[in-house]
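# Architecture at a glance
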Amino acid sequence: MPIRVRLAMPVVLGLSAGLVAGLVASPAAATSAVAFTVEERRLDRAAPQEILRRSGFDSVAAELARALGGARSYAQAERIVVREGARLWTRAVERAQGRGPVEYEKREALPWTGGGGRRVGLSRDDDRPLYWARLGMTREVRGWEPRFGLSDRQRAALLGALERASRGQDDIRYSGSGGGKGLKRVLVTGFDPFTLDRDVRISNPSGATALALDGTVIQTADGPARIETAVFPVRWQDFTDGTVERTLRRQLPHVDLFATVSQGRVGRFDIERTNGAWRGGFADNDNVGRTGTIPVTGPASQPQWTSTTLPYEAIVGASTGRFPVYDNTSVTEIPAGGTAAVVRPQGPTPGSTARAGGGGDYLSNEIAYRATLLRDRLGLHDTLPGGHVHTPVLQFGAGNTDPATGAVTDPEFVRNRLDIIAQVRAIVTVALDASATESAA
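Small disclaimer: the values here were computed from a predicted structure and weren't measured.

### A word on the sheet that holds strand β15 (residues 353-356)
Taken together, three strands build an open sheet; the order of strands is β14-β13-β15 and the sheet is antiparallel. The sheet terminates laterally at β14 (342-344) and β15, the two strands that pair on one side only. Taken over all neighbouring pairs, the strand axes of this sheet differ in orientation by 45° on average, direction set aside. The pairing of strand β13 (residues 331-334) with β15 spans three bridges and is antiparallel.

### Some details on the sheet that holds strand β5 (residues 223-232)
With respect to topology, seven strands assemble into an open sheet ordered β4-β5-β3-β6-β16-β7-β12, the strand pairing being mixed. The strands lining the two open edges of the sheet, one partner per strand, are β4 (217-220) and β12 (325-328). Across the sheet, the axes of successive neighbouring strands diverge by a mean angle of 30°, strand direction being ignored. The sheet contact formed by strand β6 (residues 257-263) and strand β16 (residues 386-391) spans six bridges and is parallel. Note on β16: the bridge partner recorded for V261 is V389.

### So, the environment of T306
Note that T306 resides in strand β11 (residues 305-307). For T306, a relative accessible area of 2% corresponds to the buried category. Between the C-alpha atoms of T306 and G387, which are 81 residues apart in sequence, the distance is 9.5 Å. Not counting the four nearest positions on each side in its chain, T306 is found in contact with R273, T274, N275, A368, Y369, T372 and L373. Polar side-chain contacts of T306 include one of 2.6 Å to the side chain of T372.

### What to know about the packing of helix α5 (residues 74-96) against helix α6 (residues 128-143)
One way to put it is that α5 packs onto α6 with a least axis distance of 10 Å and a crossing angle of 170°. Comparing the axis directions of α5 and α6 gives the class roughly antiparallel. Along this stretch, α5 crosses α6, giving a crossing that reads as right-handed. Contacts from V81, E84, G85, L88, W89, A92 and R95 of α5 reach α6 at P129, L130, A133, R134, M137 and V141. Residue classes in the contact of α5 with α6 are distributed as nine nonpolar, one polar and three charged.

### Let's talk about the layout of surface pockets
Each pocket or cavity is described by its volume, and for the second largest pocket that value is around 520 Å³. Along the wall of the second largest pocket there are 22 residues; nearest its centre are F194, T195, R198, Q263 and V393. Of the residues that constitute the lining of the second largest pocket, the class distribution is eight nonpolar, nine polar and five charged.

### Digging into the confidence of the model for the chain
Of the residues in the chain, 86% have a pLDDT of 70 or more, and the chain-wide mean is 89. Here residues 1-32 scores under 50 on pLDDT; set against residues more than four positions off or in separate chains, the count is 77 contacts. Counting contacts from residues 102-119, a segment whose pLDDT is below 50, to residues more than four positions away or on other chains yields 39 contacts.

### Overview of the side chain of D125
With respect to the element layout, D125 can be found in the loop between α5 and α6. Beyond its immediate chain neighbours, meaning those up to four positions away, D125 contacts A208, V414, R417, L418 and I421.

### Quick word on helix α7 (residues 152-166)
For α7, which comprises 15 residues, the first-to-last C-alpha distance of 21 Å matches the rise-based estimate of 21 Å (1.5 Å per residue) to within 8%. Inspection of α7 places R155, L158, L159, A161, L162, E163, A165 and S166 among the buried residues, and these make up the whole buried set. For α7, the secondary structure elements touched by its buried residues are α4 (60-69), α5 and α6.

Each value, and the rule that gives it
- Residues numbered from 1 in each chain as written.
- Predicted model: local features only at pLDDT ≥ 70, side-chain atom pairs only at ≥ 80, totals over all residues.
- Heavy atoms only, no water.
- Pairing = 2+ DSSP bridges.
- Helix = DSSP H or I, 4+ residues; strand = E, 2+ residues; numbered from the N terminus.
- Axes fitted to C-alpha atoms, helices over the stretch in contact; angles between N-to-C directions.
- Buried < 20%, exposed > 50% of the residue type's maximum accessible area, 1.4 Å probe, protein only.
- Contact = heavy atoms within 4.5 Å.
- Polar contact = N/O pair within 3.5 Å; in protein donor to acceptor, adjacent residues only side chain to side chain.
- Parallel < 35°, antiparallel > 145°, perpendicular 65-115°, else oblique.
- Left-handed = near helix turned anticlockwise from the far one by under 90°.
- Nonpolar A, V, L, I, M, F, W, Y, C, P; charged D, E, K, R; others polar.
- 1 Å grid on protein atoms, 1.4 Å probe; cavity = no way out; pocket = protein on both sides within 12 Å on 5 of 7 lines; lining within 4 Å.
- Points joined across faces, edges and corners; volume = space filled by probe spheres on them.
- pLDDT = per-residue confidence, 0-100.
- Expected span 1.5 Å × (residues − 1).

Now the structure itself:
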């Protein structure tokens, strides 16, 4: 069953004037109808277009199109998509960390909080420009018809290379960071926005955290630590295809701590104690659901449960920010010999079958399960602290809750996101300090 629902549509349908101009000049526009994905089709809505304009990322897809227009071979096209994808990731990271070009700002009579006012550039902590700009790029590749011809397999390979490069998955490097021999290494992952049919304005604080922390150095009681990050798609098929293992396998043996991060519950952080080997079927960003045991290599040795090795007691007991942090031990299981699912507040019982980990049965649970299973299969369970952190749900301010009429940002929305980012940074610092203490003992 394919991951994406493909619907034919004209390339320039519903686009803003600026993006239409870019696409008309691009190879993709030469095709009258392109089978865009459900995820890509959301790009034509008003809020994504406004996010791209106000961030200055509205030219990214057209720039890729122009570069591809000069490609004379598949090899050259591959180099172009990798270069432009990596450039997008770097640009998003630099923007989030206050580097790079001056923020785009333009005063116009456009809504801010629904009542009129001025239009200004989005705050730098926003993860959404990266997400929507990437979709613009994948649409260009999907609709591109070069003179030298492109097979379906080659196009899929170009899309894969673009995804990896623009998500920081190929950019995890700890050498040359200036921290010296004793520099600790931390890996943090985030996610794209999701449930966009509910509210297309949604931002994901885990993705924003990844951009804010990538390449940064934090000070711990045991010395400096460098954080490297990557962002993952909210698509079941990518996980089935091994995107998590492909990205993390070469990294885990060399890091001192890892944390997979995603958006979870309202008003709280959770350190998820246990992860389950089950997909619950909730629709992903392409409106595709998957239900069943999480597919991994070596299924004969696949456990129903994996556990965090993060120092959860120390994290929960520390003062890391304004949101409370919980050690979440609850799971849902089918007990050994049973047939019905049962909630177990204190964790799974022996011989049970997973139906939801502490982090649920969606891709948050799945990345936690896959990462910790990989840790264990690499023989690192007793030496590598790692597990899943659920952030609070990122909420808009009061009065800005209607997706149809609300603004794409507001002061409370920005404050909430900044506070979540800062608290993830603090949680990572506490985890490193506590892990160092445990190792010394």
